[in-house]
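Topology and contacts: notes
Here are the chains, one letter per residue:
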Amino acid sequence: MRLPFQIVQLLKDKSANDLRLPSDCEFLSLDIESKTGVRIGATTLKRLLGFAQDERSPHASTLDAIARYLGYAHWDELKDIEDKGNSDFGTTEEEIRSDDLAPDKIVEFAYLPDRLVRLKYLGSHRYLVMESRNSKLQADDEVEVLNFVLHHPLLVLNVWRDGKPLGQFTAGRISGLSSITVL
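Residues numbered from 1 in each chain as written. Predicted model: local features only at pLDDT ≥ 70, side-chain atom pairs only at ≥ 80, totals over all residues. Heavy atoms only, no water.

Thoughts on unusual backbone geometry
The amide bond that connects leucine 112 to the next residue, proline 113, takes the cis arrangement and shows omega of -10°. In this structure, proline 113 sits in the loop between β2 (106-111) and β3 (115-123). Its identity as a non-glycine residue notwithstanding, aspartate 114 has a phi of 60°, on the positive side. By the secondary structure assignment, aspartate 114 is in the loop between β2 and β3. With a relative accessible area of 62%, aspartate 114 lands in the exposed category. Positive phi, normally seen in glycine, also occurs at asparagine 134, with a value near 65°. (Helix = DSSP H or I, 4+ residues; strand = E, 2+ residues; numbered from the N terminus. Buried < 20%, exposed > 50% of the residue type's maximum accessible area, 1.4 Å probe, protein only.)

Structure (structure tokens):
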């Protein structure tokens, strides 16, 4: 079993650890034990975070310890909140929607490692890439994006280079966008 994305995000926030490497599970194991008194092995955490390919289900006590670490009484309470919180019509300060922008607005986003892209909004969810540092997107590419959400991967629905369609592109596939700004 792999933990749902939203719960992994909660673990990252609580532990102040990006949990990008398997070795980060050692730190998380110690932090959970120090806060709950329950030891969850690093190998189990690697499995739950998707670093190890193993679909075994964890013990209920393991899931309950994770829930307590995150401030919930038990796993069912955390899972219920995760299920209900997985869909939302509202926006947050951490989201930029193309529908809310006026043409010619500039959107800048960054993602690891050391990638930065600056886009000019053209309207109808289309943007012109004005600047691209260390990204596969190139200046003068046109891209189609519905929204930008901080700490989530960016799905570019279409990329056009020299008028030719290149298909979809995902930025920040593992760690999500590290910053988003309307300039």
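Picking up after the structure, the text goes on.
Let's talk about the packing of aromatic side chains
Under the criterion given, the structure shown has 4 aromatic pairs. Note on tyrosine 121 and tyrosine 127: the rings are 4.8 Å apart at their centroids and 50° apart in plane angle, and the pair reads as tilted. Residue tyrosine 121 shares its accessibility class with tyrosine 127, and that shared class is buried. Linked through ring pairs, Phe109, Tyr111, Tyr121, Tyr127 and Phe148 together constitute an aromatic cluster. Taking NZ or CZ as reference, lysine 14 lies 5.7 Å from the ring centre of tyrosine 69, over its face. Above the plane of the ring of tryptophan 160 lies arginine 126, whose end atom (NZ or CZ) is 3.8 Å from the centre. (Phe/Tyr/Trp six-rings, centres within 6.5 Å; stacked < 30°, edge-to-face > 60°. Lys NZ or Arg CZ within 6 Å of the ring centre and 35° of its normal.)

Overview of the pattern of salt bridges
Here the structure, examined in full by the defined rule, presents 9 salt bridges. The closest approach of N and O atoms between glutamate 33 and arginine 39, which form a salt bridge, is 3.9 Å. Residue glutamate 33 is classed as partly exposed on the basis of its relative accessible area of 31%. A residue is classified by how much of its surface remains accessible, and arginine 39, at 48% relative accessible area, is partly exposed. Arginine 133 serves as the salt-bridge partner of glutamate 131, at 2.9 Å between the closest nitrogen and oxygen. (Salt bridge = Lys/Arg side-chain N within 4 Å of Asp/Glu carboxyl O.)

A look at the environment of glutamate 95
Summarising the element assignment, glutamate 95 is placed in strand β1 (residues 95-97). A distance of 3.1 Å separates the side chain of glutamate 95 from the side chain of arginine 97, its partner in a polar contact. Of the polar contacts made by the side chain of glutamate 95, one reaches the side chain of asparagine 147; its length is 2.8 Å. (Polar contact = N/O pair within 3.5 Å; in protein donor to acceptor, adjacent residues only side chain to side chain.)

Some words on the packing of helix α2 (residues 24-36) against helix α4 (residues 60-69)
Between α2 and α4, whose axes approach to 10 Å, the crossing angle comes to 75°. When the axis of α2 is compared with that of α4, the two are roughly perpendicular. Residues Leu28, Asp31, Ile32, Lys35 and Thr36 of α2 form the contact with α4, whose participating residues are Ala65, Arg68 and Tyr69. Looking at side-chain class alone, the contact of α2 with α4 contains 4 nonpolar, 1 polar and 3 charged residues. (Axes fitted to C-alpha atoms, helices over the stretch in contact; angles between N-to-C directions. Parallel < 35°, antiparallel > 145°, perpendicular 65-115°, else oblique. Contact = heavy atoms within 4.5 Å. Nonpolar A, V, L, I, M, F, W, Y, C, P; charged D, E, K, R; others polar.)

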